[in-house]
Amino acid sequence: MTIDTMHQEVKHQEVNSAKTTKQKILSILKTVVIYGLMFAVIYTAVNWWRQPVMPASPQLQLTDYQGETIDLAELSYEQPTLVYFWGTWCSVCSFTSPTINKLAADNYPVVTIAVQSGSDLDLHSYLDENDFSFRTINDQEGDIFDDWQGQVTPSYVVLENGKMTQGLTGIQPLWSLKLRLWLASVF
């Protein structure tokens, strides 16, 4: 082989090598996009299936664990209101409740419903231990959650003008909850 032939062969191998690197990157990106879309579709379907459902005649005037009356319908006429179903026993809720506390601290209308979380005294102790200051209704028997056909905690409902506009479950970041409340107020 001559030196020119060897240079051409090396250049040809470099071009083929570059193509395979580009092809590998495109293949990886394609795989990530496909799996990302599959995850999004499955997550959306599961979330839709598990979300709470507003009862035909919901009880929207409730009493919190401290004895104060909360009128969810009235709150939701003023601005979209987030109703957060959770439990002191729920391990996922230990991650989501601090986010809800931040949302409430930022003056967003939030009402939480503690599902089967013990007596009012137990609930009060739990809220104090965790520095949670959100308004909480103690659903000791789980009747309110059952009325809303709740399947999992945490679950969220956005109420506007006395009607449910959105329902979701699982871990939700703060920006997502703020966006959902804002969208409910705009549309």
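Residues numbered from 1 in each chain as written. Predicted model: local features only at pLDDT ≥ 70, side-chain atom pairs only at ≥ 80, totals over all residues. Heavy atoms only, no water.

### Concerning the nonpolar core
When a protein is soluble and globular, its nonpolar side chains tend to lie buried together.
Now for step 1: In terms of nonpolar packing, the biggest core is built from 21 residues, with L82, W86, I100, L127, Y156 and L177 touching the most fellow members.
Now for step 2: The next biggest cluster of nonpolar side chains, apart from the first, holds 17 residues, and it includes L62, V111, F145 and W148. (Core = buried A, V, L, I, M, F, W, Y, C linked by side-chain atoms within 4.5 Å. Buried < 20%, exposed > 50% of the residue type's maximum accessible area, 1.4 Å probe, protein only.)

### Things to note about the sheet that holds strand β6 (residues 155-160)
Now for step 1: Strand order in this open sheet of 5 strands is β5-β4-β3-β6-β7, and the pairing throughout is mixed. Each having just a single partner strand, β5 (135-139) and β7 (163-169) make up the two edges of the open sheet. Neighbour-to-neighbour, the strand axes of the sheet open up by a mean angle of 20°, direction not taken into account.
Now for step 2: Bridge analysis of β6 against β7 gives 6 bridges, and the strand direction is antiparallel. Residue V157 lies in a different strand from β7, and its bridge partner there is G167.
Now for step 3: With respect to the sheet, helix α4 (residues 120-129) is in contact with β3 (81-86), β4 (110-115) and β5, its orientation differing from that of β5 by roughly 145°. (Pairing = 2+ DSSP bridges. Helix = DSSP H or I, 4+ residues; strand = E, 2+ residues; numbered from the N terminus. Axes fitted to C-alpha atoms, helices over the stretch in contact; angles between N-to-C directions. Contact = heavy atoms within 4.5 Å.)

### Quick word on the packing of helix α3 (residues 93-105) against helix α6 (residues 174-186)
Now for step 1: Orientation of α3 relative to α6, taken along the N-to-C sense of each, is 45°, at an axis distance of 10 Å. On the basis of their axis angle, the class for α3 and α6 is oblique. In the packing of α3 onto α6, the handedness of the crossing is right-handed. Judged by residue contacts, T99, I100, K102 and L103 of α3 engage L174, L177, K178 and L181 from α6. (Parallel < 35°, antiparallel > 145°, perpendicular 65-115°, else oblique. Left-handed = near helix turned anticlockwise from the far one by under 90°.)

### Comments concerning the environment of R180
Now for step 1: Residue position: R180 is located in helix α6.
Now for step 2: When the C-alpha positions of R180 and L82 are compared, they lie 9.3 Å apart, and in sequence the two are 98 residues distant.
Now for step 3: If we ignore the near neighbours within four places in the chain, the residues touching R180 are Q166, L168 and Q172.
Now for step 4: Separated by 3.1 Å, the side chains of R180 and Q166 make a polar contact. (Polar contact = N/O pair within 3.5 Å; in protein donor to acceptor, adjacent residues only side chain to side chain.)

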